[in-house]
Amino acid sequence: MKDNTKKAQKIVDAVDNELGISLVAYELSELEYLRDQIDELLDLSRIEAGRFDLVESEVSLSEIAADCAHLVEMRAESRDLSLLLVVDPALSLVRADPRAMRQIILNLLSNAIKFTPEGGEITIEIGATKTGGQFIKVADTGPGIPSFEIPIILESFGRGTLAIKSAKEGAGLGLPIVRGLTAMHGGEFSLAAREGQG
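Residues numbered from 1 in each chain as written. Predicted model: local features only at pLDDT ≥ 70, side-chain atom pairs only at ≥ 80, totals over all residues. Heavy atoms only, no water.

**Q** Lay out the overall build of the protein with the relevant residues and their values.
**A** Broken down by element type, the protein carries 7 helices and 5 strands. Each helix and strand of the protein, ordered N terminal to C terminal, gives the series α-α-β-α-β-β-α-β-β-α-α-α. Of the roughly 12,300 Å² of accessible surface on the protein, 56% is carried by carbon and sulfur atoms. (Helix = DSSP H or I, 4+ residues; strand = E, 2+ residues; numbered from the N terminus. Areas by Shrake-Rupley, 256 points an atom, 1.4 Å probe, with all protein chains shown as cover.)

**Q** With reference to specific residues and values, describe the packing of helix H4 (residues 98-115) against helix H7 (residues 174-184).
**A** At their nearest, the axes of H4 and H7 sit 9 Å apart, and the two run at 150° to each other. Considering the angle they form, H4 stands roughly antiparallel to H7. Relative to H7, H4 is oriented so that their crossing is left-handed. In this structure, H4 contributes Ala-100, Gln-103, Ile-104, Asn-107, Leu-108 and Asn-111 to the contact, and H7 contributes Gly-174, Leu-175, Ile-177, Val-178, Leu-181 and Thr-182. Among the residues forming the contact of H4 with H7, the class breakdown is 7 nonpolar, 5 polar and no charged. (Axes fitted to C-alpha atoms, helices over the stretch in contact; angles between N-to-C directions. Parallel < 35°, antiparallel > 145°, perpendicular 65-115°, else oblique. Left-handed = near helix turned anticlockwise from the far one by under 90°. Contact = heavy atoms within 4.5 Å. Nonpolar A, V, L, I, M, F, W, Y, C, P; charged D, E, K, R; others polar.)

**Q** Requested: an account of the packing of helix H3 (residues 61-78) against H4, with residues and values cited.
**A** The interhelical angle for the contact between H3 and H4, taken along N-to-C directions, is 35°, at an axis separation of 9 Å. The element H3 and its partner H4 pack so that their crossing is right-handed. Across the interface between the two elements, Leu-61, Ile-64, Ala-65, Asp-67, Cys-68, Ala-69, Leu-71, Val-72, Arg-75 and Ala-76 of H3 pack against Pro-98, Met-101, Arg-102, Ile-105, Leu-106, Leu-109, Ser-110 and Ile-113 of H4. Of the residues that constitute the contact of H3 with H4, the class distribution is 14 nonpolar, 1 polar and 3 charged.

Printed below as a string of structure tokens:
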């Protein structure tokens, strides 16, 4: 505790200069990352235990997707990635938990941003299924996933070789959360990534 207090005092004393501001910004981003990891772990635990309560209402998946695209826009731009939103204009509202839908789309976009090389493209598509439902599709120009790794990355804490080799952040919780939340809505999650194509 004493060491942390000394470190904190050094940061506070240094805030007047550029290095101090950079240190504080770095520490805040690290804290935000840790908070997000804890939140994801708690969400996954609730989903697996059947204790994640959906609060459903009539929502527009198109609007949620547009909001999510806006939220990740700066991260995408910092890696020179293009974000393209494709929406069927004839879509009606669907009954779903807006927070869960947002989490599904943000997790998929986060993975796409992480693994798409600079200058690549990410497409978010919202459309109608043949059975009268709606779908969310995120595709990218990343390297894709070898088919033998798909079962691994769909498990809690599962990470593919690319994530391990490139030391990409993340604990391997995003896709299991997407799969769980999709199932809770009576939907189906499929991962059609192929090696060489995201």
